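This is what each chain is made of:
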Amino acid sequence: MAYIHFEKINKIFGTNHVLKDIDLDVEKGQLVTLLGPSGCGKSTLLRCLAGLEQVTDGHIYLDGQEITDVVPRRRGIGMVFQQYSLFPNMNVRDNVAYGLKLKKLPKAEINQKVEQMLDIVGLSEKISQYPAQLSGGQQQRVALARAMVTAPKVLLLDEPLSAIDALLRKNLQIEIRRIQQQLGITTIFVTHDQDEAMVMSDMIHLFHEGKIEQSGTPEQIYTRPATKFAATFIGNYNLPTAADFNRAFHTDIPGQDVAVRPEIVTLTKQAPKAEDGLLVAEGTITSHISHGNLIRFAVEFEGGLTLNADVVYENKLDFGEGDRVFAAMKKDLVIGL
Amino acid sequence: MRKGSKVSSNIIMTLVTVWLLIPLLATIIYSLFEDWTGIIPHGFTLANYQKIFTDTAFLTSMYQTLLVCVIPIVITILVVLLGLFVVTVYFPKLEKYMQILCMIPYTIQGVILSVSILILYAKGDTVLSGRMTMLIGAYCIIILPHIYNGIRNGMRAINMNMLLEAAEMLGESKLKAFFKVIVPNILTGITVSSLLAVGLLFGDYVIIRNLSSSNVNNMQKFLYQAMKRSSAEASAVFVVIMLITFAITAIVLTLQSRSTLEKIRNGGK
Ligand SMILES: Nc1ncnc2c1ncn2[C@@H]1O[C@H](COP(=O)(O)OP(=O)(O)OP(=O)(O)O)[C@@H](O)[C@H]1O
Ligand SMILES: [Mg+2]
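In this text, all values refer to a predicted model and were calculated from it rather than measured experimentally.

Brief notes about the overall build of chain A
Inference 1: Secondary structure summary: chain A contains nine helices and 17 strands in total.
Inference 2: Considering only C-alpha atoms, chain A reaches an extent of 75 × 45 × 35 Å along its principal axes.
Inference 3: Taking all 337 residues of chain A together, 51% fall into the buried category.
Inference 4: Within chain A, contacts between residues at least 6 apart in sequence are counted, and of these 65% link residues at least 24 apart.
Inference 5: Surface accessibility of chain A: about 15400 Å² in total, with carbon and sulfur atoms responsible for 48%.
Inference 6: With 35 positive and 41 negative side-chain charges, chain A shows a spacing of 8 Å between the two charge centroids.

The structure is reproduced here in C-alpha cells:
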C-alpha cells in the first residue's frame, strides 16, 4: 500500500456532493500537487486527510494505518493554511515552538530546533517579532517552519502562496521544493496555478468537480492531456473539433476534438519539404499577441479553422497580419480527444 | 482653516470637560470644607474622610461592593467564554439564539428583575434562595449583554476557527487551544467589557436594596444612608466612590497599554 492511500472517498455537504469516489495514492517522500479550478474540492480532500473534516464515506490510510476516524492532533500531520494563521499573541519563536512545547521536549532542544528551522526558511533575524510585524511572505514562511519543525509524517500546504506577489511567490516555490527535498517530507500541495504545479511537483493530480480527471508527472500532464478539461486547464492548447482539423490538414485524427499545443506549430513562408508524419496546411495570419519571450500568431485556415502558433521572439516579427504562411506540425504530437 | 477648526474643537472639548467636571469638583470642595455658604469655601478639614474611614460600616460596604462586583464578572466571563467556544466550534447554527438570549437583559429593568427574582426564589429553601446567591445571580444577568458583546466583538476580529485548527494540527486539544491562543487575543475586549460591568454594578442601588438582606451593603446603599445623616459626609463617600472607579479604570487601561507597548518594544529590537 502506498504511504498515503485514499479509498473511495466521498464527501457531501448537505446536498452538495463535493468529493466523488476519490482514489488516490501518494508515495513516501514525494511532493504531490492537487491542481484544479476553484471550488472543485481540493481543500476539502486535504482537510479530510488532516481530520478537520469528516469523510461521508471511504477510508484513509497513512503509513499502513487507517486514520479515517483519528482526531487531527493524533495524525502526525502538519498543515499550512491558505490564509495567515500565525498566533497573533505570540512572537515568531513561540509560534514555531508551539508544537514542540506540546511534545514536552527539553527547552534547549526546542530552542535549537526552532533556530535551525528559522534558519532554513531564512528568517533567523525575525525571531522575536510578532506576526503583525511581518510581511505576508514572511508570515507564510514562519507558518511553514511551524508546521515542519515537529517533523510531521505528512505536510499539507493549502495554497500557501496565493496571497503573495509573483516574484516572491516564484522564489518561495523553489524554496519550498528545496526544503521538502532536503528534509524528505511527504507533501501534498494544493494550488489552482498550473505553473506552480509544474515547477514543484513529482506528481500532479488534476481535479475537476470532485473527481480526479488525470494523474501523472508534470511532463505527462503537460504533453498528454487525457480529456478536454485537462487540455483546457493546462497549457494553452488549441482545441478545434476533429472534423475541422482533419479537413484543413487532410488527415484523420480520431475523436471529437483535437488538442494542439501552440509551440508544436511551426510557421514558414515557403512550403516545408514533405515528410512522413508531418502535417502541413496553408493559412493567413489574422493577429498576433506578444508574450514577451514569444509571439503568439493566430492563423486562419480554409473552412474557418483557426490555430495559435508560438514563435520565439528573437529581434523582429517574422510575419504580419494578412501574410500567407505554411503551418506544419508533427502528427504524433497532435492529440485526439 | 484646518488649524482654526482644530482650535475650535479644542475649545468645545474643554468646555464639555469642564461642564462634566463641575459637579464633581463642587462635591470634592464641599467634602473638604466646613463651610461653603459664601463664594469662597473656608475651614479646610479632612474630618469627613476621617469619619467615614473609621466607620466599620463603610469599610465593610467597600469590601462587599468589591465582592459583589468581582464575583459576577468572573462568573459571567467564564460562562460566556465557554458558551461561545462550544457554540462557535461545535454548534455554529445555535449562535444566533445565544446572541438573542444574551441580549434579553438589555430590556429588563432593575426593579422588574429584582422583584421577579424575589417572587420566584425567595420562598424556596434551596441554595438559590440565599440572599447572596440571588444578588450575584441578578448581577450576572445585568452585565451579561455587555460581557457578551465585548467577547463576541473580540472574537470577530480574529479568525477563531482557523487559529483553533492551526493549533489542533500542532497537537493541541481544542479547549486548551482556546485558552492559549484565542483568549489572549481577545483580552482587550474582555477587559473593556469588565470595565463597563464594574461601572454598572458600582452604580447599582435598586437591585441590591431589593435583594440583599440588611447585612449586605454596597457603597451606594451606604451613600444613601449617609445622605440622610449629613450631606458633607455623603459628598466624601461620593468622592471615594469616584476615585475607586477612576483607579480601576486607570489600572486596567495602563495594564492594557503596557502589554501592547511591550509587544511592540520586544518586536522592534
Ligand atoms: N464547511 C463547508 N460547508 C458546506 N460546503 C462546503 C464547506 N466547505 C466547502 N464546501 C463546498 O465544497 C466545495 C469545494 O470546496 P473546496 O474548499 O474544497 O474547494 P477548493 O477546490 O479548495 O477551491 P479553492 O481553490 O477556491 O480553494 C465548494 O462548493 C464549497 O462550497
Ligand atoms: Mg481551497
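Observations regarding the overall build of chain B
Inference 1: Counting its regular elements, chain B contains twelve helices and two strands.
Inference 2: When the helices and strands of chain B are read in sequence order from the N terminus, they spell out α-β-β-α-α-α-α-α-α-α-α-α-α-α.
Inference 3: Along the longest, intermediate and shortest principal axes, the C-alpha atoms of chain B span 75 × 70 × 35 Å.
Inference 4: Sorting the 269 residues of chain B into buried and exposed places 40% on the buried side.
Inference 5: Of the contacts formed within chain B by residues at least 6 apart in sequence, a portion of 68% connects residues at least 24 apart.
Inference 6: The positive charge centre, built from 21 side chains, and the negative charge centre, built from 11, are 8 Å apart in chain B.

Some thoughts on the side chain of threonine 88 of chain B
All names here are of chain B.
Inference 1: Mapping threonine 88 onto the fold places it in helix α3 (residues 56-89).
Inference 2: Judged by relative accessible area, which is 14%, threonine 88 ranks as buried.
Inference 3: Residues within four places of threonine 88 in sequence aside, it is in contact with Met160 and Asn161.

Focus on helix α5 (residues 166-183) of chain A
All names here are of chain A.
Inference 1: The end-to-end C-alpha distance of α5 is 26 Å, a good match for the 26 Å that 18 residues give at a rise of 1.5 Å each.
Inference 2: Among all positions of α5, only Arg169, Leu172, Gln173, Ile176, Arg177, Ile179 and Gln180 are buried. Relative to the axis of α5, the buried residues are bounded by an arc of 165° and lie together on one face. Among the exposed residues of α5, those pointing more than 90 degrees away from its buried face are Leu167, Lys170, Ile174 and Gln181.

Focus: a positive patch on the surface
Inference 1: A cluster of basic side chains, namely Arg73, Arg74 and Lys104 of chain A together with Lys176 of chain B, defines a positive patch on the protein surface.
Inference 2: Mapping lysine 176 of chain B onto the fold places it in helix α8 (residues 174-182).

Observations regarding the packing of helix α7 (residues 160-169) of chain B against α8 of chain B
All names here are of chain B.
Inference 1: Remark: α7 packs on α8, axes separated minimally by 9 Å, with the N-to-C direction vectors making an angle of 115°. Crossing handedness for the pair α7 and α8: right-handed. Only Lys174, Ala177, Phe178, Val181 and Ile182 of α8 make contact with α7, whose side of the interface consists of Met160, Leu163, Leu164, Ala167 and Glu168.
Inference 2: Of the residues assigned to the contact of α7 with α8, the class counts are eight nonpolar, no polar and two charged.

Quick look at the domain arrangement of chain B
All names here are of chain B.
Inference 1: Structurally, chain B comprises domain 1 (3-44) and domain 2 (49-268).
Inference 2: Using C-alpha coordinates to define each centre, domain 1 is positioned 31 Å away from domain 2.
Inference 3: Facing the six residues of domain 1 at the interface are nine residues of domain 2.
Inference 4: Between domain 1 and domain 2, a total of about 600 Å² is buried, with carbon and sulfur atoms accounting for 78% of that surface.
Inference 5: On the domain 1 side of the contact with domain 2, Leu24, Tyr30 and Ser31 bury the most area, a combined 66% of that side's loss.
Inference 6: Taken together, the links from domain 1 to domain 2 amount to zero salt bridges.

Notes on the domain arrangement of chain A
Residues and elements named next belong to chain A.
Inference 1: Split into domains, chain A comes out as domain 1 (4-233) and domain 2 (242-336).
Inference 2: Centre-to-centre, using C-alpha coordinates, domain 1 lies 40 Å away from domain 2.
Inference 3: Every contact between the two is made by six residues of domain 1 and, on the other side, seven residues of domain 2.
Inference 4: Carbon and sulfur atoms supply 50% of the area buried between domain 1 and domain 2, which totals about 500 Å² over both sides.
Inference 5: Seen at the junction of domain 1 and domain 2, the total is one salt bridge.
Inference 6: Linking lysine 228 and aspartate 257 is a salt bridge whose minimum nitrogen-to-oxygen distance equals 3.9 Å.

Some remarks on the layout of surface pockets
Unoccupied space between atoms shows up once a probe the size of one water molecule is rolled over them.
Inference 1: Of the pockets and cavities examined, the second largest pocket occupies roughly 350 Å³.
Inference 2: What lines the second largest pocket is a set of 17 residues, and nearest its centre among them are Arg47 and Leu52 of chain A together with Val89, Glu165 and Lys174 of chain B.
Inference 3: Considering every element that reaches the lining of the second largest pocket, the biggest residue donor is α7 of chain B, with four residues.
Inference 4: Within the lining of the second largest pocket, the residues separate by chemical class into seven nonpolar, three polar and seven charged.

So, empty space enclosed by the protein
Residues and elements named next belong to chain A.
Inference 1: Here the structure, examined in full by the defined rule, presents three cavities of 30 Å³ or more.
Inference 2: Of the volumes computed, that of the largest cavity is approximately 50 Å³.
Inference 3: Surrounding the largest cavity, Val80, Gln140, Arg141, Leu144, Pro160, Leu161, Leu172 and Ile176 form its lining.
Inference 4: Elements supplying a minimum of two residues to the lining of the largest cavity: α4 (136-148) and α5.
Inference 5: Broken down by element, the residue count for the lining of the largest cavity peaks at three residues, all from α4.

Some words on the interface of chain B and chain A
Inference 1: Listed per partner, the contact involves 23 residues of chain B and 24 residues of chain A.
Inference 2: Summed over both sides, the interface between chain B and chain A buries roughly 2100 Å², with carbon and sulfur atoms accounting for 63% of that surface.
Inference 3: Counting across the chain B and chain A interface gives one salt bridge.
Inference 4: The partner of glutamate 165 of chain B in a salt bridge is arginine 47 of chain A, and the shortest N-O contact between them spans 2.8 Å.
Inference 5: Counting every contact that joins chain B to chain A gives four residue pairs in polar contact (both at pLDDT 80 or more).
Inference 6: With seven residues, α7 of chain B is the largest single contributor of residues to the side of chain B that touches chain A.
Inference 7: Its residues assigned to classes, the side of chain B that touches chain A comprises ten nonpolar, seven polar and six charged.

Section: the pattern of salt bridges
Inference 1: The final tally for this structure, using the stated rule, is 21 salt bridges over all chains.
Inference 2: Across the salt bridge formed by aspartate 193 of chain A and arginine 169 of chain A, the nearest N and O atoms sit 3.5 Å from each other. Here the residue aspartate 193 of chain A occupies a position in the loop between β8 (186-191) and α6 (194-200), and arginine 169 of chain A occupies one in helix α5, the gap between them amounting to 24 residues.
Inference 3: Since its relative accessible area comes to 16%, arginine 169 of chain A is described here as buried.
Inference 4: One network of salt bridges, in which partners are shared, links Arg47 and Glu53 of chain A together with Glu165 of chain B.

The rules behind these values
- Residue numbers run consecutively from 1 along every chain, following the written order of its sequence.
- Ligands are numbered from 1 and chains lettered from A, in the order in which they are written.
- Local features are withheld for residues below a pLDDT of 70 in this predicted model, meaning they are given only at 70 or higher, and side-chain atom pairs are given and counted only at 80 or more; totals for whole chains, interfaces and linings count all residues.
- Where side-chain values are given, they derive from all heavy atoms of the structure, hydrogens and water being excluded.
- To qualify as a helix, a DSSP run of H or I must reach at least 4 residues; to qualify as a strand, a run of E must reach at least 2; elements of each kind are numbered from the N terminus.
- Categorising residues by exposure relies on relative accessible area from a 1.4 Å probe, with only protein chains included: less than 20% of the type maximum marks a residue as buried, more than 50% marks it as exposed, and the intermediate range marks it as partly exposed.
- Here, residues are in contact when the closest pair of their heavy atoms is within 4.5 Å.
- Surface accessibility in these figures is a Shrake-Rupley result with a 1.4 Å probe; residues are shielded only by whichever protein chains are displayed.
- Counting rule for charge: Lys and Arg are taken as positive, Asp and Glu as negative, and neither His nor the chain ends is counted.
- The atoms used to mark charge sites are NZ of Lys, CZ of Arg, CG of Asp and CD of Glu.
- Helix span is expected to be 1.5 Å times the residue number reduced by one.
- For this quantity, the arc is that covered by the directions from the helix axis to the C-beta atoms.
- For patch detection, residues must exceed 30% relative accessible area and be free of salt bridges, and they are connected within 9 Å for like charges or within 5 Å for nonpolar side chains (Val, Leu, Ile, Met, Phe, Trp, Tyr).
- What makes a salt bridge here is a side-chain nitrogen of Lys or Arg within 4 Å of a carboxyl oxygen of Asp or Glu, nothing more.
- Helix axes are fitted to C-alpha atoms over the stretch in contact, other axes to C-alpha atoms as well, and angles between N-to-C directions run from 0 to 180 degrees.
- Here a crossing is called left-handed whenever its near helix is offset anticlockwise from the far helix by less than a right angle, and right-handed whenever the offset is clockwise.
- Under the grouping applied here, Gly and all other residues not named as nonpolar or charged are polar, the nonpolar ones being Ala, Val, Leu, Ile, Met, Phe, Trp, Tyr, Cys and Pro and the charged ones Asp, Glu, Lys and Arg.
- An automatic or database domain assignment is the source of the domain bounds shown.
- Buried area adds together the accessible area that both of two parts lose upon being put together, with accessible area traced by a 1.4 Å probe.
- Site definitions follow a grid-based scheme: protein atoms alone, a 1 Å grid, a 1.4 Å probe that fits but cannot get out for cavities, and for pockets an open set with protein on both sides within 12 Å along at least five of seven lines, plus lining residues having an atom within 4 Å of a point.
- Grid points are joined across faces, edges and corners, and a volume is the space filled by probe spheres set on the points.
- Whenever a nitrogen or oxygen atom comes within 3.5 Å of another N or O atom, the pair is scored as a polar contact, on the condition that within protein one atom can donate a hydrogen and the other can accept it, and that pairs from neighbouring residues in sequence are kept only if both atoms are in side chains.

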